[in-house]
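Here is how the chains run, residue by residue.
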Amino acid sequence: MTKIVLVSALELEHGDSKDLFGVPVHITGLGKIAAASKMTEIICLEKPDLVINFGSCGNLKTHKVGDVLKVGKVHNNIDCRPMADYGVTPFTNIGAIVIDDSSDIHCFTTDQFFHQDKAHEYTPKYNEMTQTCNIVDMECYALAHTCLKYNIPFHSYKWVSDDGESSDWRANAAIGFENFKSLFKEKYL
C-alpha cells in the first residue's frame, strides 16, 4: 500500500482539517524556508512513498476561483545573476522542476504576495515569470526541491483563491478545498 503524506502551508487553507479521509494533513508553514525545513522533517519521520501538496494560489491567467490545478512545472524566484540564470540556484544547476509532464500548469513560487497593481515595483525577470506562469504560490518549489533531494514522488494541486485581491480569500479557499477533497478521493483513495 502506498503511504501518502498530505502537506499544506496553513490550516486556514483547509478549515483546520487534521486529516483528509483518514490521511493526516501536515502543516509546513508559510514561505519557502518554512516549507523546506518542515518537509525535510516530515520525510525523515514519516518515510512516505508519495507527497501530495495542496493549497491556495494566486491566479496569473484566466482560471476561475475554486479551480483545482495540478502543477506540471514549478519555477523559483531566485536571482543570483551572474552566477546563475534567473530561477537557478548557483552551484546546483537546479532551475525549474518538472513535477508532472502531463500538466501544462506552471507555478511561480515566491516569498512575496503578488499584486498586479504593484507590478512596477517588481524586477523585470519577476514580471516576466508572472507572464509566463499560470499561478503563483509561496511553497511549491521548496517542497518539490526537498522531495527531489530525497527521491520522493511529489504531486501538487493548487486551487485559485485570488488574483492579488485577498479580501475574499477565506471564502474562496473554502470553495477550492471542497473541490480538492473530491479530486483527492477520486484519484487517490
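Residues numbered from 1 in each chain as written. Predicted model: local features only at pLDDT ≥ 70, side-chain atom pairs only at ≥ 80, totals over all residues. Heavy atoms only, no water.

**Student:** Now, about the pattern of salt bridges: what can you tell me, with residues and values included?
**Tutor:** For the coordinates displayed, the defined rule picks out eight salt bridges. Across the pair Glu11 and Lys18 runs a salt bridge, and its minimum N-O distance is 3.3 Å. Close ionic contact of Lys158 with Asp137 constitutes a salt bridge, the shortest N to O distance being 3.0 Å. Of the two residues, Lys158 is situated in strand 9 (residues 154-162) and Asp137 in strand 8 (residues 135-137); the sequence distance between them amounts to 21 residues. In terms of burial, Lys158 and Asp137 fall into one category: buried. (Salt bridge = Lys/Arg side-chain N within 4 Å of Asp/Glu carboxyl O. Helix = DSSP H or I, 4+ residues; strand = E, 2+ residues; numbered from the N terminus. Buried < 20%, exposed > 50% of the residue type's maximum accessible area, 1.4 Å probe, protein only.)

**Student:** Any details on helix 3 (residues 140-149)? Residues and values, ideally.
**Tutor:** Of all ten residues making up helix 3, seven are buried, and the element is well covered by its neighbours. For helix 3, the full list of buried residues reads Cys140, Tyr141, Ala142, Leu143, Ala144, Thr146 and Cys147.

**Student:** Give a description of the side chain of Ser156 that names residues and reports values.
**Tutor:** If you trace the backbone, Ser156 turns up in strand 9. Polar contacts involving the side chain of Ser156 include one to the side chain of Asn53, which spans 2.8 Å. (Polar contact = N/O pair within 3.5 Å; in protein donor to acceptor, adjacent residues only side chain to side chain.)

**Student:** Account for the pairing of strand 9, with residues named and values stated.
**Tutor:** In terms of burial, strand 9 is a largely internal element, nine of the nine residues being buried. Here three bridges tie strand 5 (residues 68-76) to strand 9, and the two strands are oriented antiparallel to one another. In the sheet register, Val68 faces strand 9, and the bridge partner there is Trp159. (Pairing = 2+ DSSP bridges.)

**Student:** So what's going on with the pairing of strand 7 (residues 105-109)? Residues and values would help.
**Tutor:** Counting buried positions over the five residues of strand 7 gives four, a clear majority of the element. Of the pairings in the sheet, the one linking strand 5 to strand 7 comprises five bridges and is parallel in character. Within strand 7, the residue paired with Val71 across the bridge is Ile105. Pairing between strand 7 and strand 8: three bridges, direction parallel. Bridging from a neighbouring strand, Phe108 pairs with Val136 of strand 8.

**Student:** Please provide a residue-by-residue account of the packing of aromatic side chains, values included.
**Tutor:** Across all of its chains, the model carries 14 aromatic pairs by this definition. When the ring of Tyr157 is compared with that of Tyr188, the centres are 6.2 Å apart and the planes differ by 80°; the resulting orientation is edge-to-face. Taken together, the residues span a long stretch of sequence, with Tyr157 in strand 9 and Tyr188 in helix 4 (residues 169-188) at a distance of 31 residues. Its relative accessible area of 2% is what places Tyr157 among the buried residues. (Phe/Tyr/Trp six-rings, centres within 6.5 Å; stacked < 30°, edge-to-face > 60°.)

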